[in-house]
Amino acid sequence: MTEIIGVRFKSGGKQYYFDPQGVQVEPGQGVIIETARGVEYGECVQGNTMVPDESVVPPLRPMIRVATAEDEKIVAKNREKEAKAFRICQEKIAQHGLEMKLVEVEYNFEGNKILFFFTAEGRVDFRALVKDLAGVFHTRIELRQIGVRDEAKMLGGLGICGRPFCCSGFLDEFQSVSIKMAKTQNLSLNPTKISGTCGRLMCCLKYEQEAYEDAVKRMPKQESFVETPDGVGTVCQVNLLKEQVKVRLDDSPETPKCYRNCEICVVRNGKGKRPEDYVAPPPEELAKLRYVAPREEGVWERPAPQRTALTEALERVFQAAEESAQPIREKKMAPSERSRRSRGGSRRRRSGGEGKPAQEAAPEKKKEQAPRGDKPQGEGRSNRQSKGRGDKPQQAPQQQPQNQPPKEGGEGGEKKPSGNRNRNRRRRRPSGGGQQPKPPAAE
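Quantities reported herein were computed from a predicted structural model and do not represent experimental measurements.

> How do you make sense of the nonpolar core when you look at a structure like this?
A general trend in soluble globular proteins is that nonpolar side chains are found buried together. Counting 17 residues, the largest nonpolar core has Met100, Ile114, Phe116, Leu133, Phe137, Ile141 and Leu143 as the members making the most contacts within it. Counting residues per element, the ones that place at least two in this core are helix H1 (69-96), strand S6 (101-107), strand S7 (113-119), helix H2 (127-137) and strand S8 (140-145). The dominant element in this core, judged by the number of residues it contributes, is H1, at four residues.

Put into C-alpha cells, the structure is as follows:
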C-alpha cells in the first residue's frame, strides 16, 4: 500500500497522484508540486489515502510544500499576466494573418514559460509568430494546437440539457462515442439533437450504453414471432427502458397490445418465415404466461372476517337496541310535528279566507279571474278609475264597416257588465276590522 494525495491543476482537469512526504493535507488546500514541466501550483482534491501499489504509476513525484500566502499572491499575478498575454497574442495573430483561434494562455508557477493553446482547421506555420512573442515576453514560448472538444472543456458553458458541460465539470478524460450508441438507445439520428456545442457527439451517450446493451440481449427484436397470454402475434414495438413490447396479435391485428418481457415466449427472434410445423398452443396454456404481481414479504394483510356465534349474537343485540330506540325517536319528533300542523292551519286560514282550505280557495280564484282576461287591459283600468270617482265611462261611437262583424270586447263592440268584478274586490279586502279607504271625491 502507498500513501498518496490527489491533485488537480485545472478546474475539471485530470487528477494526479503525488507523494505527500508524510504531511497531512486536507481537500481544498493549495500545494506546490514538482512535475515534468517544472514547479506547479495545484489544488488538493483527495486527502491522504492508502491505495494499492498497482494503481500508482512510478515514479511517484513528491509534494514540495503546502501553498502559503505568498504562493497565492504569485498565482494571482500570473492570472493577470495571462490576460495581458492573451490580448497581445491576438494582435500578433491578426498582424501575421494566420488562420488560427486563440483559446487560452497559461503561465507556469515560476513564470519562465508561457503556453498558448489554439485551434485551427489544418496545420499552421507559426514560426514567425513565436519569434515576435518571444521578443515581447522574453521568456520561453510554446504554442499547442488542440481539438474542438478540448476547446469546449477549457472555455466551459451550458449544454442543451441546461447543465454545465460534463467535460469541464467532472470528466477527467474524453471517451469515444459513436453513432451506433444513438441507434442502440433508439435516439433521433438528427445531428443537431445528438451533438454537443463542440460539434461532436455528446459525451452523455456513453453513460447508459452498457444498460441498453444488457437490455437488448434480454428483449426480442422487431418483427419477432412470439406467444402471449392472449394468443400469438408479431412484435411491432420494443421499449427497452420499461422492458415492454407491443404485439400485433393474429386474431386482432388492428389493436396491438402491450406485454411485459416475462409474459411472452419468443418463437422466432427477428424477421423471417414462421415455422411450417408450428402449432399454436391452446388458450389454457397461453393464459399461464400472464404476469402475476409477487406478494410483498412483511406486509400484513387483514384476514377475511369470519361469522361466528359471537358476531351473530352481537348483531342481534344491536338490532334489538335499534328497535327499542325507535319509539323514543317518534316521541321526540311529535312536538315538532304538532307545531308544523298549527303553522300549516294558520297559513291555510290566511290564504283561504273564511275557513276554506287553501287548496279549495285557489281554484275559485282562478275561475273568478278567468272572465277578466277576456277584456283588454286598457278598458278595465279606465272603468276602475271611473267607478272610483262615481262616473260612468264614456266612449265615442265609432263606425264599423258593414261587411265586418263587431268584435267582442273590442273598441267597437258592446260591453257586458260582469258581476264578478265587485265580488273579487270584496274578497281582496282585508279581514281585519279596520276602516276601508274611501274612494276619492269626484272632480
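> So what exactly am I meant to see when it comes to the sheet that holds strand S1 (residues 2-8) here?
The strands making up a sheet associate through backbone hydrogen bonding, with each pair oriented either parallel or antiparallel. The strand order S2-S1-S4-S3-S5 describes an open sheet built from five strands, whose pairing is antiparallel. Because the sheet does not close on itself, it has two edges, and the strands there are strand S2 (15-18) and strand S5 (63-66). Going from strand to strand, the sheet's axes swing by 45° on average, the running direction of each strand aside. As paired strands, S1 and S2 are joined by four bridges and run antiparallel to one another. Note that in S2 the partner of Gly6 across the bridge is Tyr17.

> Help me out: how do you make sense of the sheet that holds S6 in this one?
Strand order in the open sheet formed by three strands is S6-S7-S8, and the pairing between neighbours is mixed. For this open sheet the edge positions go to S6 and S8, each flanked by a neighbour on one side alone. In this sheet, adjacent strand axes meet at a mean angle of 20° when their direction is disregarded. Judged from the six bridges that link them, S6 and S7 form a sheet pairing that is antiparallel.

> How do you make sense of the pattern of salt bridges when you look at a structure like this?
It is possible for side chains bearing opposite charge to pair when their charged atoms get close. The tally for this structure, following the rule as stated, stands at 13 salt bridges. A salt bridge links Asp230 to Lys257; its shortest N-O distance comes to 3.6 Å. Placement of the pair is Asp230 in the loop between strand S9 (225-228) and strand S10 (231-239) and Lys257 in strand S12 (residues 257-260), with a sequence separation of 27 residues. Accessibility expressed as a relative area gives 31% for Asp230, which makes it partly exposed. Note on Lys257: relative accessible area 37%, which makes it partly exposed. Salt bridges here are not isolated pairs; linked through shared partners, they connect Lys113, Glu142 and Arg144.

Parameters at a glance
Residues numbered from 1 in each chain as written. Predicted model: local features only at pLDDT ≥ 70, side-chain atom pairs only at ≥ 80, totals over all residues. Heavy atoms only, no water. Core = buried A, V, L, I, M, F, W, Y, C linked by side-chain atoms within 4.5 Å. Buried < 20%, exposed > 50% of the residue type's maximum accessible area, 1.4 Å probe, protein only. Helix = DSSP H or I, 4+ residues; strand = E, 2+ residues; numbered from the N terminus. Pairing = 2+ DSSP bridges. Axes fitted to C-alpha atoms, helices over the stretch in contact; angles between N-to-C directions. Salt bridge = Lys/Arg side-chain N within 4 Å of Asp/Glu carboxyl O.

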